[in-house]
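Here is what each chain is made of, one letter per residue.
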Amino acid sequence: MAHRVGMEVSLAVSEAVQMARAEAIAAYPITPQTHIVEHLSSVVANGELEAEFVNVESEHSAISTCIGMSATGARTYTATSSQGLALMNEILFIASALRLPIVMTVANRALSGPLSIWNDHGDIMAARDIGWIQIFVENGQEAFDHSVMAFKIAENHEVLLPTIINLDGFILSHVVEAMEFPDQELVDKFLPPYHPRYCLDPAKPVTMGAFAMPEVYTEVKMAHQTALTNSYEHILKVWKEWGDLTGRHYQPVEKYKTEGAKTLLLTMGCLSEVAEVAVDEMREAGMDVGLLRLRMWRPFPFADLRNAVAGAKLLIVCDRALSLGGAAPPVLAEVRSALYAMRGRPQTASFVIGLGGRDVAPDAFKAIVAQAQEEAQQKPTQEYHIFGVRG
Amino acid sequence: MIEIRFHGRGGQGAVTSVELLALAAINEGKFAQGFPSFGPERRGAPVLAFCRVDDRHIRLRCKISKPDVVVVLDPSLIRIQNPPADLKEGGIIVLNTPKTPAEVRREYGFKHTLALVDANKVAREVLGVPIVNTTMMGALIRATGVVKLESVEPPLKERFGPLAVKNFNALKAAFEQTVIEERRS
Amino acid sequence: MSSKPMDQVTWQEILLGAVLTEPGSAREYNTGDWRSQHPVWTKSRCIRCGVCWTVCPEGAISEEPGGYFDMNTYCKGCGICAKECVTGCISMVPEEE
């Protein structure tokens, strides 16, 4: 039987990786991800998890080692944050192009400079186009659930793509909270051992990572793009299977109190729950405000988003990263593209919040809604606002 | 929901306290969060740690800015941080001090309910060292009943191993010795 | 990858991760069409020692019947064989325009 226990969310993620019976881990410590791999390293050393744990000298080596280990057919895991993810960058594209089902936790943290160890989504937005599946979680329970499910999604023979679970650094990773853990038996039944379609085997040699001439590079990328787009339906199948087993169901775009809402907030990551509290208070005050929580970031759930906004007049997108000098912050840019051809689409408003660990309380969302509703009556003067910036 | 904010200094174990409290509450079937004021820790520097306890899943991911209770591990922090500045009307100040309620009110002008214990003395006597984080949990539990005394024992054992017994004894001693005085209007 | 010429392969025919399951695909690259010169052996002075075969960086020299040597279609015309030939029996001849 599942039982609810208190645990730091980082440790719950390592628990998930252990229950998923990961066979190969290579990682380098970086705040605020360190507790995850520190714990995994100790369970491997104690013999509680039968896996190869490779200590490396950098994140570039961590992901490179993961590629090698995954290519041998081992269930492979790593975790990183911020500068670590940036240092991995060139190799991340190779992992997905080789279609290796590595699972990685990114404890989201602002990128330097100025140096910051605190939470925002700048790190993952700089790695947006790496060709991996990318999921965001909102609380400890989701962090556990999605860490287990990620292996099943990534290793599906119709998918075979590396997968990132994004988990807000500190404000989620370092919180002790209540979570339900399933029995090992349930996880084993849900997640059978990984069988690669191709792997490095001296008895049956293959070449991985061959050079591609201009005559064929385009075709290879088309195959990659199609696989990532098509992973959508398989992700939903895995989520449904897990939901049927645990009672916890997940959707690409989650709706909260959206019935009849003329104004919708859209958030991603664990500030979504803070926004829920604000929506509760606004609903009680008689305002028709609802919330959309974007869970699936890659592949981007275009149809779900269009369905979710139908009937709304104003969509307020809350980003936790900037696109410096660009047209819009990253989530807004995607959302606007998704809605462009939609008949009767809502007007969009955009706020960047919670950069570099800036605290976001429910009142912030109420202030954002008030400002957006007021400006919606006027001609827009700014592409987006950085909420709470002084000066 | 009850929101508790610990005021301490790096190394005094404020973070351990909120984690143990959260674990105790969760073991009772409640929902709870325990988390530090995130950042690079520095021994001796003023730090905050936060605990929320509720009967349902807690959705807040922000710091506690309107606490129901502040727990002050080190009285020297009162002048630096002014812990009760944003305390809720009807909130409680749990303070480590050898002074009486009347002396504390005179010195700091506090109007809120006070829960006072000389935690340094208790910790020195029971633990042999003036580390007051677990001791002050006894005073907090006495003042609020946020968890049952015995609920803290299993997480203490998990965290401290053989040292848990002493820590639990210090916690119980502080629970007994805490002096509570209702708020002044 | 299929046995089709590379410029006719469709994206659906690309194997997972563009993996290559057959060895020797580099044979399809006719590197010899880059060259501006090629070696010519004067058989009367060749002692069939095989130094040219040993030093060729591309494996573009093959042994012929009778123990003499000649280049194949992968020769890029680098000239190392001519430089290293013990008897000087190899000369580099420009490609015809």
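Each chain carries its own residue numbering, running from 1 in the direction its sequence is written. Here chains are named by letter from A upward and ligands by number from 1 upward, in the order in which they appear as written. In keeping with the predicted nature of the model, local features appear solely for residues at pLDDT of at least 70, side-chain atom pairs appear and are counted solely at 80 or more, and the whole-chain, interface and lining totals rest on all residues. Derived side-chain values reflect all non-hydrogen atoms in the structure, with water molecules and hydrogen atoms excluded from consideration.

Below, the discussion takes up the pattern of salt bridges. Residues and elements named next belong to chain A. We define a salt bridge as a side-chain nitrogen of Lys or Arg found within 4 Å of a carboxyl oxygen belonging to Asp or Glu. For the structure shown, the criterion picks out 38 salt bridges over all chains. Note that Asp129 and Arg298 form a salt bridge whose closest N and O atoms lie 3.7 Å from each other. Pair noted here: Asp129 is in the loop between α5 (122-125) and β6 (133-136) and Arg298 is in strand β12 (residues 296-298), with a separation of 169 residues, a long-range link. The partner of Arg320 in a salt bridge is Asp168, with the nearest N and O atoms 3.3 Å apart. A run of H or I in DSSP counts as a helix once it spans at least four residues, and a run of E counts as a strand once it spans at least two, with each numbered from the N terminus.

All names here are of chain A. Taken in spatial order, the six strands of this open sheet run β9-β11-β10-β13-β14-β15, and their pairing is mixed. Looking along the sheet, the strands with just one partner apiece sit at the ends: β9 (253-256) and β15 (385-386). Strands qualify as paired when DSSP identifies two bridges or more between them. Here four bridges tie β9 to strand β11 (residues 289-294), and the two strands are oriented antiparallel to one another. Note that in β11 the partner of Glu254 across the bridge is Arg293. The sheet strands contacting helix α10 (residues 302-309) are β9, β10 (263-267), β11 and β13 (314-319), and the helix crosses β9 at an angle near 15 degrees. Only heavy atoms enter the contact rule, under which two residues are in contact if any of them lie within 4.5 Å. Lines fitted to the C-alpha atoms define the axes, with helices restricted to the stretch that makes contact. Angles between their N-to-C directions range from 0 to 180 degrees.

As a further point, take the packing of helix α1 (residues 14-27) of chain B against helix α5 (residues 133-144) of chain B. Residue and element names in this part refer to chain B. It is the contact of α1 with α5, at a shortest axis distance of 9 Å, that shows an interaxial angle of 50 degrees. What the angle tells us is that α1 and α5 run oblique. In the crossing of α1 with α5, the sense of the turn from one axis to the other is right-handed. Residue-level inspection shows Ala14, Thr16, Ser17, Leu20 and Leu21 of α1 in contact with α5, the latter providing Asn133, Thr134, Met137 and Leu140. Each residue gets one of three labels, nonpolar for Ala, Val, Leu, Ile, Met, Phe, Trp, Tyr, Cys and Pro, charged for Asp, Glu, Lys and Arg, and polar for the others, Gly among them. For the contact of α1 with α5, the per-class residue count stands at five nonpolar, four polar and no charged. Should an angle fall under 35 degrees it is called roughly parallel, over 145 degrees roughly antiparallel, and 65 to 115 degrees roughly perpendicular, with every other angle called oblique. Here is the rule for handedness: rotate from the far helix to the near one, and if that takes an anticlockwise turn smaller than a right angle the crossing is left-handed, while a clockwise turn gives right-handed.

In many analyses, interface size is given as the accessible surface area lost on bringing the parts together. Residues and elements named next belong to chain A. Boundaries between domains were set according to an automatic or database domain assignment. Taken as a whole, chain A is organised into domain 1 (3-246) and domain 2 (253-386). Centre-to-centre separation of domain 1 and domain 2, based on C-alpha positions: 28 Å. Listed per partner, the contact involves 30 residues of domain 1 and 24 residues of domain 2. Buried area between domain 1 and domain 2, both sides added, is near 2200 Å², and the carbon and sulfur share of it is 58%. A quick way to say it: buried area is the sum, across both parts, of accessible area lost when two parts are put together, with a 1.4 Å probe.

Once that is clear, we can look at the interface of chain A and chain C. On the side of chain C, 15 residues touch chain A, which itself brings 20 residues to the contact. Counting the surface chain A buries against chain C, the share from its top three residues, Tyr198(A), Val216(A) and Glu219(A), is 29%. Counting every contact that joins chain A to chain C gives zero salt bridges. Residues adjacent in sequence count toward polar contacts only when both atoms are side-chain atoms; beyond that, a polar contact is any pair of N or O atoms within 3.5 Å, and within protein one must be able to donate a hydrogen and the other to accept it. Where chain A touches chain C, the interface holds one residue pair in polar contact (both at pLDDT 80 or more). Take the side of chain A that touches chain C: its biggest share by element is seven residues, from helix α8 (residues 214-246) of chain A. The residue inventory of the side of chain A that touches chain C, partitioned by class, reads 14 nonpolar, two polar and four charged.

Before going further, it helps to examine the interface of chain A and chain B. Listed per partner, the contact involves 28 residues of chain A and 22 residues of chain B. Inspection of the chain A/chain B interface yields four salt bridges. When the shortest N-O distance is used, the salt bridge between Asp280(A) and Arg59(B) registers 2.6 Å. Counting across the interface, chain A meets chain B through eleven residue pairs in polar contact (both at pLDDT 80 or more). When contributions to the side of chain A that touches chain B are tallied by element, the ones reaching two or more residues are β1 (3-8), β8 (176-181) and α9 (271-284) of chain A. Element by element, the count of residues in the side of chain A that touches chain B is highest for α9(A), at five residues. Strand direction decides the pairing type here: β8(A) and strand β2 (residues 31-36) of chain B, joined by two bridges, are antiparallel. By the bridge assignment for β2(B), Val176(A) is matched with Gly34(B).

Residues and elements named next belong to chain B. With respect to the helices and strands, Asp68 occurs in the loop between β3 (46-54) and β4 (69-72). Exposure is judged per residue with a 1.4 Å probe applied to protein chains only, and the accessible area is read against the type maximum: over 50% gives exposed, under 20% gives buried, and values in between give partly exposed. Its relative accessible area of 18% is what places Asp68 among the buried residues. Side-chain polar atoms of Asp68 contact the side chain of Lys88, separated by 3.1 Å. Excluding residues that lie within four positions of it along the chain, Asp68 makes contacts with Met1, Ile2, Glu3, Leu87, Lys88, Gly91 and Ile92.

Residue and element names in this part refer to chain A. The span expected for a helix works out to 1.5 Å for each residue beyond the first. In this model helix α6 (residues 140-155) runs 23 Å from its N-terminal to its C-terminal C-alpha over 16 residues, within 8% of the 22 Å that 1.5 Å per residue would give. Two axes enter the definition of the bend at a residue: one is fitted to the seven residues ending there, the other to the seven starting there, and the bend is the angle between them. For α6, the principal kink sits at Met149 and spans about 25 degrees. For α6, a buried count of 16 out of 16 residues is recorded, marking the element as mostly surrounded by other parts of the structure. The opening residue of α6 is Asn139, an N-cap whose side-chain oxygen sits 3.1 Å from the backbone nitrogen of Gln141.

All names here are of chain A. In summary, the pairing rule links any two rings of Phe, Tyr or Trp, Trp by its six-membered ring, whose centres are within 6.5 Å, and it sorts them by plane angle into stacked for under 30 degrees, edge-to-face for over 60 and tilted for everything else. Within this structure, the stated rule accounts for seven aromatic pairs over all chains. Each ring, one from Tyr77 and one from Phe151, has its centre 6.4 Å from the other, and the planes form 40 degrees; the classification is tilted. Taken together, the positions of Tyr77 in strand β4 (residues 76-80) and Phe151 in helix α6 put the pair 74 residues apart, joining distant regions of the chain. A relative accessible area of 0% means that Phe151 is categorised as buried. Note on Phe190 and Trp242: the rings are 4.9 Å apart at their centroids and 65 degrees apart in plane angle, and the pair reads as edge-to-face.

Turning to a nonpolar patch on the surface, a few remarks are in order. Within the patch definition used here, like charges are joined within 9 Å and nonpolar side chains (Val, Leu, Ile, Met, Phe, Trp, Tyr) within 5 Å, considering only residues with over 30% relative accessible area and no salt bridge. Accessible surface area values rest on a Shrake-Rupley calculation with a 1.4 Å probe, where residue burial reflects the displayed protein chains alone. Together, Leu322(A), Leu324(A), Ile386(A) and Val389(A) make up an exposed nonpolar region whose accessible area comes to about 380 Å². By secondary structure assignment, the location of Ile386(A) is in strand β15.

A word on the sheet that holds β4(A). Residues and elements named next belong to chain A. Here seven strands make up an open sheet; going across it, the order is β3-β2-β4-β5-β7-β6-β12 and the pairing mixed. Where the open sheet ends on each side, the last strands, each with one partner, are β3 (52-55) and β12. Here the average twist between neighbouring strands, direction ignored, is 20 degrees. Sheet topology places strand β5 (residues 103-108) next to strand β7 (residues 163-168); six bridges connect them, and they run parallel. Directly across from Val103, in β7, lies its bridge partner Thr163. Across the sheet, helix α3 (residues 59-71) lies against β2 (24-27), β3 and β4, angled at about 165 degrees from β4, the strand it touches most.

Next up on the list: the arrangement of the chains. Across the two pairs of chains that are in contact, the largest number of contacts falls between chains A and B. Chain B makes no contact with chain C; the smallest distance between any of their C-alpha atoms is 40 Å.

This paragraph deals with the pairing of β3(B). Residue and element names in this part refer to chain B. Burial analysis of β3 places seven of its nine residues in the buried class, the great majority of the element. Alignment of strand β1 (residues 2-9) against β3, held across eight bridges, turns out to be antiparallel. The partner of Arg5 across the bridge, within β3, is Phe50. As defined by bridge partners, β2 adjoins β3 across six bridges and the pair is classed as antiparallel. Its bridge partner being in β3, Pro36 is matched across the sheet by Ala49.

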